[in-house]
Every structure is written in structure tokens, then in C-alpha cells.
Amino acid sequence: MDSSTLKYIKTIGSIYSAIRNAKTLEDAVHNGLAVVINEMGADSAAVWYGSNDADSQLLPYYWVCPLDITAKTYGIGEGIVGRVYKSSKAERFLTYKPGDDKITDEIFRGMKITSLLCSTVGISDQISGCIQLLKNEGTFTEDEADVFEIMTEMIALTIKENTQLELPRRNTEVLISAGNIEKEYRNGPITSQVLKGINLDIYKGEFLAVLGESGCGKSTLLNILSGLDNATGGSFSFMGTDMTNASEEELTEFRKKNIGFIFQGYNLMNNLTAKQNLDLIAELVDDPMSSEEALKIVNLEDKFSNYPSELSGGQQQRVSIARALVKKPTLIFADEPTAALDYKTSIDVLSVLERVISEKTTLVMVTHNEEITRMADRVVRIRDGKVYEITVNRERASASELVW
């Protein structure tokens, strides 16, 4: 048996193990594609799904890609993915050139694509999908294309045996759009680039979790999108208004009218009571929520007169949440809000945020805790200063279901 055949068999075995050991559809797709990407040297992958209705569109479900393709679609029969979906016949572009497919070029605008594979994955009688694998350099081999098509068949079998895919919630109104955001810091002659081209949209009413290892740029991105810091390069807009070159006065007004903040360290004024901490923020806006109402939402109606030093860590964080709510913000940014709390207190705080989310407030949370991301509509994973992967949660977990 030659080495290429042995690798072929080992790769299929690894894919099979990854998929069969998955407990959920998300895990099956995520784990299976992770093996393929690693073994075949792919740079990006995207999973598309659609109902079997004649007027259906193919929507993105999961992708490993430096772009945010949440709002992109393929028409049935249109483009490589649409054709594969309609015909159920895989297509191989071992050598892909710009212009080979206009829709793919548009969806992955700005990405270099040198090789592309696409195959169908049956999900249920009502819903089907396609998996798209892309390379930025080099080409896939015929053997690799065979492995890829076998993988899609294994994923389809696992899905049919274990679960049914329901269409995830689809948001359409963009609040914030970030394009190729870069951020670098200079310390004398040394330049450190933290963000290396972030592309991301934030949708009205969603809970977006931003996940990544320490130092990958999560908090830096949050600071830029909330107007607390300026990007070195790229652009961002809020509800269609370009904020890229906004003045300090304009950014201050933007934050005052639209943004609520929840910090890991609470950032309460120690010489003010819980109510006074909220009153201080309420004075900044024209139509605030009453401090009493905000504190009742976080279940601290009996702590109005307490100072931060008289409150536990969890209670202080709930005051911090109430402080964000009192402005009636369009969008709340939360930076590791449970990092300093124990498990039980974290669940209490997340339960309060769950109530906030139910009122259709948009929440963007930076976290290092993978379990918390189960509560989100979408999960953005950042790696080495770029968006690495975006996942759409088919079903959101409640705070009470989380365990770590």
C-alpha cells in the first residue's frame, strides 16, 4: 500500500471518528470539517442550507473564513453551490480562477481562491445543503476531492440518524458593519499588530459571542466597535452611518445615545450607592429608564441604598448590568462579564442577561468560556487577529443548562 493510499484511508477514518462521536449537528459539521481542513490544507469552508421549496435560497449555516458571509445567499441552480444543490452532483474546480463563478467571486470578495470543491449533504426530507471547501494557494488533488465527497456522505448519514436541522433565526437589519478593521500599537521602534483585517456584521436583536484565546484581539475589537478606541485601518458604520473618521465629540455622542457597557471589573463608583451609580448614567440621556426599574430587572430592588463594598461580586455585576440598561441602549457590549465570578454567581448573572436578550436588546459578549457561547445566536471565533470561524447556533441554550 503506497503512502498516498494510506493517508487517504487514515483521513477517512479520522473524519468518521470525528463525526460519529459528535453529540449534535453543530459538532458533526464542525468536527468533520476540522479534520478535512487540517488534512487537506484547505483555507476556508462554508456550509449552506435551504428548504426544498422551489423559491428557496441557500443560506450560510457555518463557515471557517476571514469574511462574515451571514447575509450572503445562493439562488437554487445559480452559481456553483446552487447548481450542485439542484443537481445533487458534486463539482470540482481543482484550478479555480476569478470569473469561473461570478456569485462565488461576489460572496468571497477580496479572498484569493485557487481551488474549490462543492458537494451536497442531505439533511431531511424538507431541508438539504451543500458544503464548499476552498484553497487560497495550491490545488486540491483528485484523491482529496474523493475524500471530501465521502465526508459529506458521512455527515448526511449522521444527521439523518441523530437529528433534524431546523432553520436558524436569520437577522437582516445590520446595526454595525466592520470592514477590514486593523489595529496596531507602537512602543518605540516596535510595532505590534493586534487586529489584522476583521470583517464582521452585528445584527439587530442578536446575541453575538466573540471567542478566542488571550491576546487574539477580542477586547480590542469591542473597544473599536463601541467607539472607545480608534482603528489603525479599515472602516465601521452604525445603522448605515460611517463612523470611521468620526471626531471624539461624535464618538462620545454615539456611545451616549446607543451603547451600554458591562465590564469584567464592574467599574462602579465606590462612594455612590447602587441607585446613585445608575442615576449618574441616567443623567446622560434624554429618556432613561428609572434606576428603580433597572435594579428590579436585575433582582436588586432591596439593594438601592447599598454601596459597592456592601455587595457581593455577583451583585456588583448585576448593578453594572442595570447601569447599562438604564440608558435603554440599542446595543450592549459585555467584556468577560463573568470572568471574575464563580460558577453559581456566573449563572445568576447570565440569567439576567438572558432576560435582557429576550427583550430584543442586541448583546455582543467577549468571553473565553466556550460553554457560554451556547446561549448566543452566532459565535465568532477570532484567531491571530482575524475572524477564523462563525457558527450559527441552531438552538440557544438557557443559562440554567450551562455547565463548566
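Quick notes on the rules
- Residues numbered from 1 in each chain as written.
- Predicted model: local features only at pLDDT ≥ 70, side-chain atom pairs only at ≥ 80, totals over all residues.
- Heavy atoms only, no water.
- Core = buried A, V, L, I, M, F, W, Y, C linked by side-chain atoms within 4.5 Å.
- Buried < 20%, exposed > 50% of the residue type's maximum accessible area, 1.4 Å probe, protein only.
- Helix = DSSP H or I, 4+ residues; strand = E, 2+ residues; numbered from the N terminus.
- Contact = heavy atoms within 4.5 Å.
- Salt bridge = Lys/Arg side-chain N within 4 Å of Asp/Glu carboxyl O.
- Disulfide = S-S within 2.5 Å.
- Pairing = 2+ DSSP bridges.
- Axes fitted to C-alpha atoms, helices over the stretch in contact; angles between N-to-C directions.
- Phe/Tyr/Trp six-rings, centres within 6.5 Å; stacked < 30°, edge-to-face > 60°.
- Lys NZ or Arg CZ within 6 Å of the ring centre and 35° of its normal.
- Patch = residues over 30% accessible without salt bridge, like charges linked within 9 Å, V, L, I, M, F, W, Y side chains within 5 Å.
- Areas by Shrake-Rupley, 256 points an atom, 1.4 Å probe, with all protein chains shown as cover.
- pLDDT = per-residue confidence, 0-100.
- Expected span 1.5 Å × (residues − 1).
- Polar contact = N/O pair within 3.5 Å; in protein donor to acceptor, adjacent residues only side chain to side chain.

S.K.: Quick question: what am I supposed to make of the nonpolar core here?
M.R.: The nonpolar side chains of a soluble globular protein tend to be buried with one another. Residues Phe108 and Phe333 are the most contacted members of the largest nonpolar core, which totals 55 residues. Ranked by residue count, the leading element in this core is strand E8 (residues 190-203), at 5 residues. Beyond its immediate chain neighbours, meaning those up to four positions away, phenylalanine 108 contacts Ala46, Cys65, Leu67, Ile69, Tyr74, Ile113, Gln132 and Leu134. Core analysis: the next-biggest nonpolar cluster, separate from the first, contains 43 residues, Leu300, Leu311, Leu353 and Ile357 among them.

S.K.: When you look at the pattern of salt bridges in this model, what are you seeing that I'm missing?
M.R.: A side chain of one charge can pair with a side chain of the opposite charge when the charged atoms of the two come close. Summed over the entire model, instances satisfying the criterion amount to 20 salt bridges. Among the salt bridges present, the one from glutamate 371 reaches arginine 374, with a minimum N-O distance of 2.6 Å. A salt bridge links aspartate 377 to arginine 396, with the shortest nitrogen-to-oxygen separation between them at 3.0 Å. Of this pair, aspartate 377 sits in the loop between strand E14 (362-367) and strand E15 (378-383) while arginine 396 is found in the segment after strand E16 (386-392), placing the two residues 19 residues apart along the sequence. Among the residues examined, aspartate 377 registers a relative accessible area of 8% and is labelled buried.

S.K.: Just checking my understanding: could you explain the state of the cysteines for this structure?
M.R.: A covalent bond bridging the sulfur atoms of two cysteines is what the word disulfide describes. If you walk through the whole model with that rule in mind, you get 0 disulfides. For the unlinked cysteine cysteine 216, the closest cysteine sulfur is that of cysteine 65, found at 17 Å.

S.K.: Looking at this model, I keep getting lost on the environment of threonine 120. Mind explaining?
M.R.: You can see threonine 120 is positioned in strand E5 (residues 115-122). If near-sequence neighbours (up to four positions away) are discounted, threonine 120 is found in contact with Val84, Tyr85, Ser88, Gly129, Cys130 and Thr152.

S.K.: Any chance you could explain the sheet that holds strand E11 (residues 241-242) here in plain terms?
M.R.: Judged by pairing direction, the sheet is antiparallel, and its 4 strands sit side by side in the order E8-E7-E10-E11 without closing on themselves. Strand pairing shows two members of the sheet lacking a second neighbour, E8 and E11, which therefore form its edges. Pairing between strand E10 (residues 233-238) and E11: 2 bridges, direction antiparallel. Its bridge partner lying in E11, serine 237 is registered against aspartate 242. Helix H6 (residues 218-225) contacts strand E7 (174-187), E8 and E10 of the sheet and is inclined by roughly 65° relative to E8.

S.K.: Help me understand the packing of aromatic side chains in this model?
M.R.: Each aromatic ring pair is summarised here by two numbers: the centre-to-centre distance and the angle between the ring planes. Evaluation of the coordinates by the stated rule reveals 7 aromatic pairs. With a centroid separation of 5.8 Å and an interplanar angle of 65°, the aromatic rings of phenylalanine 93 and tyrosine 96 are classed as edge-to-face. Overall, tyrosine 96 belongs to the buried group, its relative accessible area being 4%. With 5.0 Å between their ring centres and 85° between their planes, tyrosine 343 and tryptophan 404 make a pair best called edge-to-face. Taken as a pair, tyrosine 343 in helix H11 (residues 343-358) and tryptophan 404 in the segment after E16 lie far apart in primary sequence, 61 residues in all. Members of the aromatic cluster, joined through ring pairs, are Phe236, Phe238 and Phe254. A cation over an aromatic ring shows up here: arginine 383 above the ring of tyrosine 388, its NZ or CZ 3.8 Å from the ring centre.

S.K.: Looking at this structure, I do not really get H6. What am I missing?
M.R.: Because each turn of an α-helix spans 3.6 residues, side chains separated by three or four positions in sequence point in the same direction. Counting buried positions along H6 gives 6 out of 8 residues, so the element sits mostly inside the fold. When we look at burial in H6, the residues that qualify are Lys218, Thr220, Leu221, Leu222, Ile224 and Leu225. A positive backbone phi angle near 80° is found at glycine 227, which sits one or two residues after H6.

S.K.: Quick question: what am I supposed to make of a nonpolar patch on the surface here?
M.R.: On the surface, a cluster of nonpolar side chains totalling about 310 Å² of accessible area is made up of Tyr343, Val403 and Trp404. Residue class for tryptophan 404 comes out partly exposed when judged on its relative accessible area of 42%.

S.K.: Help me out: how do you make sense of the confidence of the model for the protein in this one?
M.R.: A low pLDDT means the predicted coordinates there should not be read in detail. Overall, the predicted model of the protein reaches an average pLDDT of 86, with 90% of residues at or above 70. Mean pLDDT across the elements of the protein bottoms out in helix H1 (residues 3-20) (70) and peaks in strand E4 (residues 91-93) (96). In the predicted structure, residues 163-167 sits below a pLDDT of 50 and forms 15 contacts with residues beyond four places in sequence or in another chain.

S.K.: Which parts of the structure should I look at to understand H11?
M.R.: Helix length check: H11 (16 residues) gives 22 Å between terminal C-alpha atoms against 22 Å at 1.5 Å per residue, within 8%. Along H11, the residues classified as buried are Thr345, Ser346, Ile347, Val349, Leu350, Val352, Leu353, Val356 and Ile357. Looking at the buried positions of H11, the neighbouring elements they touch are strand E9 (207-211), strand E12 (259-262), helix H10 (313-325), strand E13 (331-335) and E14. A distance of 3.4 Å separates the backbone nitrogen of lysine 344 from a side-chain oxygen at the start of H11, and that oxygen is part of aspartate 342. Where H11 ends, the next residue or the one after it, lysine 360, has phi of about 70°, a positive value.

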